[in-house]
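Below are the chains, spelled out letter by letter.
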Amino acid sequence: MNSRWNYRDLYYQALRIRMVEEEIIKIYSSDKVQSPVHLSIGQEAVAVGLCAVLTEQDMLFSTYRSHAFYLAKGGDLKQMMAELFGRLDGCCSGKGGSMHLSFPQVGFMGTSAVVASGIPNAVGAAFAEKMLGRGNLTLAVFGDGATEEGVYHESLNFASLHRLPIIFICENNQFAVHSRQHERQSYSLRKHVEAYAIETHHISQGFDFCEVASAFSDICNDFKESPRPIFIEVDTCRYMEHVGTGEDFYGGYRSAAEQAEWKRQDPLIKDEALKAELAPQIAIEINESIAFAEASPLPSYADVLKHVL
Amino acid sequence: MNSRWNYRDLYYQALRIRMVEEEIIKIYSSDKVQSPVHLSIGQEAVAVGLCAVLTEQDMLFSTYRSHAFYLAKGGDLKQMMAELFGRLDGCCSGKGGSMHLSFPQVGFMGTSAVVASGIPNAVGAAFAEKMLGRGNLTLAVFGDGATEEGVYHESLNFASLHRLPIIFICENNQFAVHSRQHERQSYSLRKHVEAYAIETHHISQGFDFCEVASAFSDICNDFKESPRPIFIEVDTCRYMEHVGTGEDFYGGYRSAAEQAEWKRQDPLIKDEALKAELAPQIAIEINESIAFAEASPLPSYADVLKHVL
Amino acid sequence: METMSYRDALAESMHDALANHSNTVIFGQGVDDFKGTFGTTLGLAEKFGAHRVMDTPISEEGITGICVGAALNGLRPIHIHIRADFVFLALNQILNMAAKYKYMFGGHYNVPIFIRAVIGRSWGQGAQHSQSPQALFSHFPGLKVIMPSNAQSILESYRYLLSDYHGPVVSLEHRLMYDIQFDVDRANLRTGEQAIASYLAREGKDITIVATSIMVLEAVRVAKYLAEYGIDCEIIDVNSTTDIDQQLLLQSLEKTGRLLVADTSWVSYGVAAEINRLVLEHNPHLLKVPSKSLGMAPTPCPTAKVMEDMYYPNLAQFAQAIIAMVGASEGDIPLPNERSMSDVYKKFRGPF
Amino acid sequence: METMSYRDALAESMHDALANHSNTVIFGQGVDDFKGTFGTTLGLAEKFGAHRVMDTPISEEGITGICVGAALNGLRPIHIHIRADFVFLALNQILNMAAKYKYMFGGHYNVPIFIRAVIGRSWGQGAQHSQSPQALFSHFPGLKVIMPSNAQSILESYRYLLSDYHGPVVSLEHRLMYDIQFDVDRANLRTGEQAIASYLAREGKDITIVATSIMVLEAVRVAKYLAEYGIDCEIIDVNSTTDIDQQLLLQSLEKTGRLLVADTSWVSYGVAAEINRLVLEHNPHLLKVPSKSLGMAPTPCPTAKVMEDMYYPNLAQFAQAIIAMVGASEGDIPLPNERSMSDVYKKFRGPF
Ligand SMILES: Cc1ncc(C[n+]2csc(CCOP(=O)(O)OP(=O)(O)O)c2C)c(N)n1
Ligand SMILES: Cc1ncc(C[n+]2csc(CCOP(=O)(O)OP(=O)(O)O)c2C)c(N)n1
Ligand SMILES: [Mg+2]
Ligand SMILES: [Mg+2]
């Protein structure tokens, strides 16, 4: 483990995210959360490692698979839970739900449920950042599948052409819903990006938050010397099904064995001692967030009509 | 000059296209052609060289810059002229005009005035060709600017993924309207395409129809051995403005000197003797086509309402 | 009589299209997976081959363009979207290419592509998974748009449009109906253009309800409810929003003098607007009372269930509107007190 | 009174937006070239810098998404399309993102992007360079759509929307008006929301013509023509299709009892449909005669001039419709015999 990062702190972050999502699984059958949930279980270390390096001013745009990045970036747990419960105190007043979390106070700029749609938005934010002469980072986070959309090509081209201060993060879990990457893509991700004269990096240990943070921190230091578009592919593994609360192999498209190698290295599974130590405190926080959510008022029709224009 | 091709025949084709467009320029001020015209003057050798290798069953999809490929592929001149004049005997009954020529009898499958929109159509035709077990070629012809559209990325990916029998032809005249390529593109065209595992070729002598035909013929022979997506960049030079009938340097974005090198090598300019010999016959044909167009009936309101569903 | 779910009617239609036409192909994300597009393409890749039932990259515009090109060269592609909202990425190919290819080239081509897209609330879909773009498509000449409201309609319209019709079609399928069982009368399947015609779903004399998709079912429910209180509703199932039967509409209104349009989308610039135009351009004195329109609230769709329930019209609002229009006093007729349409129809629970 | 062309009003509005707001930027293909978007952005790159007036790659969806993101981070982007048809490539970003970003996230963000798109016939544009998508955009909550019909409207609405309004806007500018000179009354520019309100373009008592964009000018021409024959037309300029003033509409119809809608797009599911809905939902007895609607023929746009002239309504058809509605007999009033609207307005000749 890399000593530049406090293993315990990052472990805590990652465990917190996992426990939050495990709690969501537990309560999902109660229908308290009545919207689709795309879980990040197995992928938490990516969000935690990256966000460890970021400030609250740095801006991050991500996807419907939003919980991990929301929490890692510093979004409020209570407000997230209230959002999932469809309450007025939710971070988006109940209008967003699990697929549309946002917490601008900490630079968590929004998540789109239309694949790849947030990528150009991040490029645009980086354009503004550069034009306004400010120095914060902008991150576009997306999955491997998102690279198949045309707008990805357009976004890479524009970012490179104007040498914008943006970091593209591709969380490669090798699946889009139930389709494997090689069934959908004729290109290798990084070689393709390099054709746009964009520098690429690869973080293969996506299960290891400290490794992710270290690698990303090096990249960011260099980036700050010379702001420019950078692409980082982070390998990771989805443990649960694409959407919903089931395992990711019950459909037969994937074997449990395939995940075993990842799980074997996953600190949240391996380091049972630390888990045992930290879990109780997190459990309390989660319970409080649920209590908060349940106590929060339900929106009214007047609320439905707000925020349109 | 390459002996595999009859220089005189191809010269005739190219000269015919140029003279047709020069005639269009001449009559444009009479308002007989009341629609935008995107001329190919300077680029004729590309169309002529490529189409020399094709059969009438091979399918070609191209753009609003349509005259050269329409004629080279074997589209009827009289019907083209009638189309430009907005007459019922036009190849599209007057509904298409200069930007939307089509002549399915010879595999000229249509032209779109929305940049890059025809590219996936060509890929789809190739898909059908493969699925139906037929062996004709499909060509997607487009400009350098079209490669900036997202759908280009999607089309390349799909064609490669399914190893479709399609040839992508990028006519690189280095301009999109008044913008130079480097102001719009962060990638080099062929390197970018290669990222999709698509084989690329470069034909730099786009002014030389025999060279184009030879190079393309070699590629096609190989293609027939092993049908697969292939990308060919053909360098060429637009002599006239993007749309309309003016020269291409009056706006100041481009100098006449820039074109001089191309013009110096242009057989249609260089070989005055052959031109003098062939021109009279072509002029007669053109005059006949204009007479045909002018004699053709005007469409009625009943015609407006036809062909919707 | 045979009963059949909407889902099974879709599955049968997909199967038959592949079986009856060797040039039919199905494209779509996940069409070959173990969920098979909510069960409507299950087993088809296995039976007809992966080359005819193809999973696609996430490239809506590109795949639509590929379908158009394949159609120009002899195939009959079906392209499936699990949400109509995703079709917005493909609108250039649909509106600028598919809808115009035949016309632009003077009739040289037909473009038999069939786009299936799922609409409708189900489970906290939110703003980007809930839209119902029939008005958008229906504004553009060159397309046919259908909104089947039952299994019989699916069998009829899909058979016709996938066999005997040769232009681009958009079919909007409501997610909440997939699990519903419908009566199917195979002996009397409508054929030809009749297969997509508007029709009387219920006869009545007091009010004409013009409805699309699941709102036809809602209309039937409200009609049954109000019948007990002596209100007799006539219901027209629009069926195809591009082929509204104006005669049927006007005849009905001549009888009832009252018009309520119930649509699955927003009211402004929607089906309600078009229906009102058809009426007012024909006869300005047909209605006894102002028309009314039911649709989504004039906002993007909120995610929270409690807001969703207010966002979509429910049975009580439906009944209330009718009661007010026929001039019955509300005091006399209790309003049904269901909270939510989805509670009524839904057999499934999350995620989609 | 000052006169000013539509083009100059656009150019001034672009200039002022850049001059008054350091966070305004202009994106678009060719905005910095020597033609300067039909002369409306000429010289601005030189004056305000290439970083603020930027030529873009041919990537409509991407650039729109970039505008949205830039707006979320403090800029006020203007995105210009020389043809509204090209905006169809960007509809996902407009409909699924820009129109919903504020709502979806509970009001956290504003998305002040301003999309300028050129509509309208000019010179054999054909099916893919002629569409007028106001109905499409206006169906989706979250957008404002304007269709300025004169230079004064441009000055008013652009000033308001580019300074004091903070949501996404689509402005549809009619190509045939660019060269027309209009009276401009700078002392009385409407401000605030009034800047985009519908207004009475002409008072009259016999018929209400509700018009958009250049059809307002056509309405004024036909009104002048018919005034000589004793027919007194009232004209409402809708101005914003998302903010139609229903009161103004109803008051006018109470007076005239006759409704003719003249729009730049197709009639079905268009502005005419929406206006008819607004009337019929309010009062079923307002009209004395059936309403009429004028718009493009129900087909894609043909290219040939002679077909274009039949495709778009002309002055004779306009007059004929009114004459029929007011019950004058056609024999008494000769029809104007212009062949084509574009012959009247056009100062320019090809290519665009
Ligand atoms: C434009 C669009 N098309 C299709 C979908 C349906 N869909 C939701 S998530 C998803 C897969 C995305 O895969 P990837 O980008 O790898 O992200 P992951 O889910 O693996 O995190 C698809 C196809 C969508 N939401 N948007
Ligand atoms: C989607 C779209 N955006 C913009 C335009 C306007 N436009 C017409 S041609 C053109 C340039 C295309 O350049 P290129 O692809 O290099 O072809 P060339 O004209 O050089 O043959 C542009 C931007 C369009 N027709 N369609
Ligand atoms: Mg993935
Ligand atoms: Mg070019």
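Conventions we followed
Residues numbered from 1 in each chain as written. Chains lettered and ligands numbered in written order. Predicted model: local features only at pLDDT ≥ 70, side-chain atom pairs only at ≥ 80, totals over all residues. Heavy atoms only, no water. Helix = DSSP H or I, 4+ residues; strand = E, 2+ residues; numbered from the N terminus. Rg over C-alpha atoms; globule rule 2.2 N^0.38 Å. Buried < 20%, exposed > 50% of the residue type's maximum accessible area, 1.4 Å probe, protein only. Contact = heavy atoms within 4.5 Å. Areas by Shrake-Rupley, 256 points an atom, 1.4 Å probe, with all protein chains shown as cover. Lys, Arg positive; Asp, Glu negative; His and termini not counted. Charge placed at Lys NZ, Arg CZ, Asp CG, Glu CD. Core = buried A, V, L, I, M, F, W, Y, C linked by side-chain atoms within 4.5 Å. Donors = N, O, S within 2.8 Å, 3.2 Å for Na, K, Ca; no water. Least-squares fit on C-alpha atoms with pLDDT ≥ 70 in both. Phe/Tyr/Trp six-rings, centres within 6.5 Å; stacked < 30°, edge-to-face > 60°. Lys NZ or Arg CZ within 6 Å of the ring centre and 35° of its normal. Near = heavy atom within 4 Å. Polar contact = N/O pair within 3.5 Å; in protein donor to acceptor, adjacent residues only side chain to side chain. Nonpolar A, V, L, I, M, F, W, Y, C, P; charged D, E, K, R; others polar. 1 Å grid on protein atoms, 1.4 Å probe; cavity = no way out; pocket = protein on both sides within 12 Å on 5 of 7 lines; lining within 4 Å. Points joined across faces, edges and corners; volume = space filled by probe spheres on them. Pairing = 2+ DSSP bridges. Domains from an automatic or database assignment. Buried area = accessible area lost by both parts, 1.4 Å probe. Salt bridge = Lys/Arg side-chain N within 4 Å of Asp/Glu carboxyl O. Axes fitted to C-alpha atoms, helices over the stretch in contact; angles between N-to-C directions. Parallel < 35°, antiparallel > 145°, perpendicular 65-115°, else oblique. Left-handed = near helix turned anticlockwise from the far one by under 90°.

### A look at the overall build of chain A
The secondary structure content of chain A amounts to twelve helices and eight strands. Scaling as 2.2 N^0.38, a compact globule of 309 residues should have a C-alpha radius of gyration of about 19 Å, and chain A matches this with 19 Å. The principal-axis extents of the C-alpha atoms in chain A amount to approximately 50 × 50 × 40 Å. With 309 residues in all, chain A has 66% of them scored as buried. Considering only contacts within chain A whose residues lie at least 6 apart along the sequence, 74% involve residues at least 24 apart. Counting every atom, chain A has about 9900 Å² of accessible surface; 50% of that belongs to carbon and sulfur. When the 27 positive and 40 negative side-chain charges of chain A are each reduced to one mean point, those points stand 1 Å apart.

### Overview of the nonpolar core
In terms of nonpolar packing, the biggest core is built from 309 residues, with Phe 168 of chain A together with Phe 168 of chain B touching the most fellow members. Filtering out sequence-adjacent residues up to four positions away, Phe 168 of chain B remains in contact with Ile 119, Val 123, Ala 140, Phe 142, Ser 155, Leu 156, Ala 159, Ile 198, Pro 229, Ile 230, Phe 231 and Ile 232 of chain B.

### Focus on the coordination of the magnesium ion (ligand 3)
All names here are of chain A. Note on the magnesium ion (ligand 3): its protein donors are Asp 144 (OD), Asn 173 (OD1) and Phe 175 (O). The metal-donor distances range over 2.1 Å. All donors of the magnesium ion (ligand 3) belong to a single chain; written as a sequence motif, their spacing is D-x28-N-x1-F. Here the residue Asp 144 occupies a position in the loop between strand 3 (138–143) and helix 6 (150–161), and Asn 173 occupies one in the loop between strand 4 (166–172) and strand 5 (175–176), the gap between them amounting to 29 residues. A residue is classified by how much of its surface remains accessible, and Asn 173, at 5% relative accessible area, is buried.

### Some remarks on the relation of the copies chain C and chain D
Note on the copies: chain C fits chain D at an RMSD of 0.0 Å, the axial shift is 0.0 Å, and the rotation between them is 180°. With respect to symmetry, the two chain copies, as superposed, fit the operation of a two-fold axis. In terms of C-alpha distance to the rotation axis, chain C has Ala 273 of chain C as its closest residue, with the C-alpha 2.4 Å off the axis.

### Things to note about the packing of aromatic side chains
Given two aromatic rings, their pairing is described by the distance between the two centres and the angle made by the two planes. Tallied over the full model, the rule gives 54 aromatic pairs over all chains. With 5.6 Å between their ring centres and 65° between their planes, Phe 142 of chain B and Tyr 152 of chain B make a pair best called edge-to-face. Placement of Phe 142 of chain B in strand 3 (residues 138–143) and of Tyr 152 of chain B in helix 6 (residues 150–161) is noted, with a sequence separation of ten residues between them. Each member of the pair, Phe 142 of chain B together with Tyr 152 of chain B, is buried. Here Phe 140 of chain C and Trp 266 of chain D contribute two aromatic rings whose centre-to-centre distance is 5.3 Å and whose plane-to-plane angle is 65°, an arrangement assigned as edge-to-face. Of this pair, Phe 140 of chain C sits in the loop between helix 7 (134–138) and strand 6 (144–146) while Trp 266 of chain D sits in strand 12 (residues 259–266), which puts the two residues in different chains. Side by side, Phe 140 of chain C and Trp 266 of chain D carry an identical accessibility label, which is buried. One residue, Lys 263 of chain B, lies across the ring of Tyr 239 of chain B, its end atom 4.9 Å from the ring centre. Above the plane of the ring of Tyr 178 of chain C lies Arg 175 of chain C, whose end atom (NZ or CZ) is 5.2 Å from the centre.

### What to know about the site of ligand 2
Around ligand 2, the structure places 20 residues, and the nearest of them are Arg 65, Asp 144, Gly 145 and Asn 173 of chain B together with Glu 60 of chain D. Flanking ligand 2 are residues from chains B and D. Measuring from a nitrogen atom of ligand 2, one finds a backbone N or O atom of Ala 113 of chain B at 2.8 Å. When ligand 2 is considered free in solution it has 580 Å² of accessible area, and contact with the protein chains removes 96% of it. Taken together, the residues that form the shell around ligand 2 break down as eleven nonpolar, five polar and four charged.

### Remarks on empty space enclosed by the protein
Scanning the model with the defined rule gives 13 cavities of 30 Å³ or more in all. Where the lining of the largest cavity is concerned, the elements lending two or more residues are helix 6 of chain A, helix 6 of chain B, helix 4 (60–72) of chain C together with helix 4 (60–72) of chain D. Residue composition of the lining of the largest cavity, grouped by class: four nonpolar, three polar and eight charged. Contributing elements (two or more residues each) for the lining of the second largest cavity: helix 9 (214–227), strand 12 and strand 13 (292–296) of chain D. Split by residue class, the lining of the second largest cavity holds seven nonpolar, six polar and two charged.

### Quick notes on the pairing of strand 1 (residues 59–63) of chain A
All names here are of chain A. Where burial is concerned, most of strand 1 is hidden: five out of the five residues are buried. Burial of the side chains of strand 1 extends over both faces: Met 59, Phe 61 and Thr 63 are buried on one face and Leu 60 and Ser 62 on the other. Two strands pair when backbone bridges link them, and strand 1 and strand 3 are joined in this way by three bridges, in the parallel orientation. Residue pairing in the sheet places Met 59 in a bridge with Thr 138 of strand 3. Here strand 1 runs beside strand 2 (residues 108–112); their pairing, made up of three bridges, is parallel. Residue pairing in the sheet places Ser 62 in a bridge with Thr 111 of strand 2.

### Looking at the domain arrangement of chain C
The parts lose accessible area when they come together, and the size of an interface is often stated as this lost area. All names here are of chain C. Parsing chain C into structural domains produces domain 1 (2–196) and domain 2 (199–345). On a C-alpha basis, the centroid separation for the pair domain 1 and domain 2 is 26 Å. Contacts between domain 1 and domain 2 engage 30 residues on the former and 32 residues on the latter. It is Arg 121, Met 147 and Leu 176 in domain 1 that bury the most area against domain 2; as a group they hold 26% of the surface buried on that side. At the junction of domain 1 and domain 2, the tally comes to three salt bridges. With its nearest N and O atoms 3.0 Å apart, the salt bridge here joins Lys 144 to Asp 243. On inspection of domain 1 and its partner domain 2, the count reaches 14 residue pairs in polar contact (both at pLDDT 80 or more). Of all the elements in the fold, those that place two or more residues in the side of domain 1 that touches domain 2 are helix 7 and strand 6. For the side of domain 1 that touches domain 2, the per-class residue count stands at 14 nonpolar, 13 polar and three charged.

### Quick word on the interface of chain C and chain D
Listed per partner, the contact involves 55 residues of chain C and 55 residues of chain D. Regarding the contact of chain C and chain D, the summed buried area is about 4800 Å², with carbon and sulfur atoms giving 66% of it. The three residues of chain C that bury the most area against chain D are His 139, Tyr 269 and Leu 280 of chain C, which together make up 19% of that side's buried surface. Put simply, chain C and chain D have zero salt bridges between them. The tally of links from chain C across to chain D stands at 29 residue pairs in polar contact (both at pLDDT 80 or more). Residues of the side of chain C that touches chain D, tallied by class, amount to 30 nonpolar, 18 polar and seven charged.

### Structural notes on the interface of chain A and chain C
The interface is formed by 42 residues belonging to chain A together with 33 residues belonging to chain C. Across the chain A to chain C interface the summed buried area is about 3000 Å²; carbon plus sulfur atoms make up 64%. Seen at the junction of chain A and chain C, the total is 13 residue pairs in polar contact (both at pLDDT 80 or more). In terms of residue count, helix 12 (residues 301–305) of chain A provides more of the side of chain A that touches chain C than any other element does, four residues in total.

### Digging into the site of ligand 1
Of all residues adjacent to ligand 1, which total 20 residues, the nearest are Arg 65, Ala 113, Asp 144 and Gly 145 of chain A together with Glu 60 of chain C. Residues close to ligand 1 are split across chains A and C. Val 115 of chain A is positioned such that a nitrogen or oxygen atom in its backbone is 3.0 Å from a nitrogen atom of ligand 1. A distance of 2.8 Å separates an oxygen atom of ligand 1 from a polar atom in the backbone of Gly 145 of chain A.

### Some remarks on the sheet that holds strand 3 of chain B
Paired through their backbone hydrogen bonds, the strands of a sheet run either parallel or antiparallel. Residues and elements named next belong to chain B. Sheet architecture is open: six strands sit in the order 2-1-3-4-8-7, paired in parallel fashion. Edge positions in the sheet fall to strand 2 (108–112) and strand 7 (199–203), since each has one partner strand and no second. When the angles between neighbouring strand axes are averaged without regard to direction, this sheet yields 20°. Pairing analysis gives six bridges linking strand 4 (residues 166–172) to strand 8 (residues 230–235), with the strands arranged parallel. Within the sheet, the bridge partner assigned to Glu 171 lies in strand 8 and is Val 234.

### Here we look at the coordination of the magnesium ion (ligand 4)
All names here are of chain B. Binding of the magnesium ion (ligand 4) to the protein goes through Asp 144 (OD), Asn 173 (OD1) and Phe 175 (O), at separations of 2.1 Å. All donors of the magnesium ion (ligand 4) come from a single chain, and their spacing in sequence reads D-x28-N-x1-F. Here Asn 173 and Phe 175 have matching classes, each one buried.

### Observations regarding the packing of helix 1 (residues 7–28) of chain A against helix 4 (residues 77–84) of chain A
Residues and elements named next belong to chain A. Where helix 1 contacts helix 4, the axes come no closer than 13 Å and their chain directions differ by 25°. Our classification of the angle between helix 1 and helix 4 gives roughly parallel. Crossing handedness for the pair helix 1 and helix 4: right-handed. Every residue of helix 4 that contacts helix 1 at Arg 16, Val 20 and Ile 24 is listed here: Leu 77, Met 80, Met 81 and Leu 84.

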